[in-house]
Amino acid sequence: MSRKGYMDLHSRAVVADTHNDLLMAVAARPPERWAAFFGEQWLPQLRDGGVNLQVLPVFIDDQYRPEGALRQTLRMIECAHVIAEAHPGAVRLCRDGAEIGAALDAGLIALVLALESAPGLDASVELIPTMHRLGVRVASIAHWGRTALADGSGEDATGSRLTEAGVAAVREMERLGMIFDVSHLGASGVAHVLDLATRPVMATHSSARALRDHHRNLTDEQLRGVAGTGGVVCVNFFAGFLADDPVDYTMDRLVDHIEHVANVAGVDHVGLGPDFMKEVHEDLTPKCCEDVFGFDLTVSVPDLAGPRGLPMVTQGLLKRFSEDETEKIVGGNVLRLFRAELGRATTP
């Protein structure tokens, strides 16, 4: 397809990115710079990439844990509100499907707040409604290591399921209409969540383990399990999770992962969870700490280091999927899930 053809499709599609850590970079500035820095550095990238729906994870760096984790969580949530209030003609912080629909109809970028591993909560499940009141609508309960709620994928050898508090957290999120995110959760924890779930769950940024055997990726059984809840698996673009050989850090390899998830889970259950790391990592990480996860986080698929590369993903998808399928993958599936589930509280 010509550039005009795929750009036309990309422009008319709803493009949803379910994991961009830009909030870390913005919140690292003095509060009086938050709004301007977002407007100068990130809003142009989102617009150029055609992003219509952006999930903003709240991830807390190690230096804030454990004592400062809740304070930094609240600070980043406040940062998101400041961004939205300062740019009412460009973005809107959304709490449910109706607000997302209204934002898109108005030509705005819909922002959705998420907690990544929720270290600020520890075992205090009673704070989940507080997070909900502040606008959080997606949450995971572990990262690479152990939390009071569950073990992350880096602790798979423990074979640990969710703790009692973790089970309570799942139940509370379902009650409030928050979507549970299995990305980063250990394998036994994912199985436990799928046993517990009565509402759709999602993986905001996970690739296919069948194509790259890394604990951060999901097995075929897990892919089918997420789809079985009605959820969506959003494929991670991070090069180290796509292949073990840098020669395979390519757009074709990314589309291989998307195609595999679509074949296993169904084309209605796959989306995009880019996890763009290069700019945020270079912006925030001291030289002493560059290799903390065992990867060079600045290496990316060529032309896909940030949101501006998203049209290239649409181009790559159109080589293997129909136009209707491509529209579902780049954002339609996530939009459907969010419209149906986000903020939809259950009655007692």
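As shown above, the structure is provided for reference.
This section reports on the structure supplied with the text. What you see as residue numbers is a count from 1 along each chain, following the sequence as written. Reporting of local features is limited, given that this is a predicted model, to residues whose pLDDT is at least 70; pairs of side-chain atoms are given and counted only at 80 or more, and all residues count toward the totals for whole chains, interfaces and linings. Computation of side-chain values covers all heavy atoms of the structure but excludes hydrogens and water.

## Description of the packing of helix 1 (residues 3–12) against helix 13 (residues 310–317)
For helices, the fitted axis covers only the stretch in contact; all axes are lines through C-alpha atoms, and the angles between them, taken along N-to-C directions, range from 0 to 180 degrees. Secondary structure is summarised from DSSP: a helix means a run of H or I of at least four residues, a strand means a run of E of at least two, and numbering begins at the N terminus for each. Two elements in contact, helix 1 and helix 13, have axes whose closest approach is 9 Å; the angle formed by their N-to-C orientations is 110°. In terms of axis orientation, helix 1 runs roughly perpendicular to helix 13. As for the relative orientation of helix 1 and helix 13, their crossing is right-handed in sense. Residue-level inspection shows Arg3, Tyr6, Met7, Leu9 and His10 of helix 1 in contact with helix 13, the latter providing Leu310, Pro311, Met312, Thr314 and Gln315. The residue classification treats Ala, Val, Leu, Ile, Met, Phe, Trp, Tyr, Cys and Pro as nonpolar and Asp, Glu, Lys and Arg as charged. All others, Gly included, are polar. Its residues assigned to classes, the contact of helix 1 with helix 13 shows six nonpolar, three polar and one charged. Put simply, angles under 35 degrees are roughly parallel, angles over 145 are roughly antiparallel, angles from 65 to 115 are roughly perpendicular, and the rest are oblique. A clockwise turn of the near helix away from the far one marks a right-handed crossing, whereas an anticlockwise turn of less than a right angle marks a left-handed crossing. We call two residues in contact whenever any of their non-hydrogen atoms come within 4.5 Å of each other.

## Let's talk about the pattern of salt bridges
The salt bridge definition used is simple: a Lys or Arg side-chain nitrogen within 4 Å of an Asp or Glu carboxyl oxygen. With the rule as written, the count across this model stands at 17 salt bridges. Residues Arg171 and Glu174 are paired through a salt bridge, measuring 3.7 Å at the closest nitrogen-oxygen approach. Residue Arg171 and its partner Glu174 are located together in helix 7 (residues 164–176), separated by three residues, close to a single helical turn. Taking the relative accessible area as the measure of exposure, Arg171 reaches 39% and is therefore partly exposed. When its relative accessible area of 9% is taken as the criterion, Glu174 is described as buried. Categorising residues by exposure relies on relative accessible area from a 1.4 Å probe, with only protein chains included: less than 20% of the type maximum marks a residue as buried, more than 50% marks it as exposed, and the intermediate range marks it as partly exposed.

## A look at the side chain of Gln222
The topology assignment puts Gln222 in helix 9 (residues 220–228). Look at Gln222 and you get buried, because its relative accessible area is 12%. Looking at Gln222, its side chain comes within polar contact range of the main-chain nitrogen of Thr219, at 2.8 Å. For Gln222, the contacting residues outside a window of four places in its chain are Ala187, Val190, Leu194 and Asn217. Polar contact is the term for a pair of N or O atoms within 3.5 Å; when the atoms are in protein, one must be able to donate a hydrogen and the other to accept it, and sequence-neighboring residues count only if both atoms are side-chain atoms.

Note that all results are geometric; they support no functional claim without further evidence.
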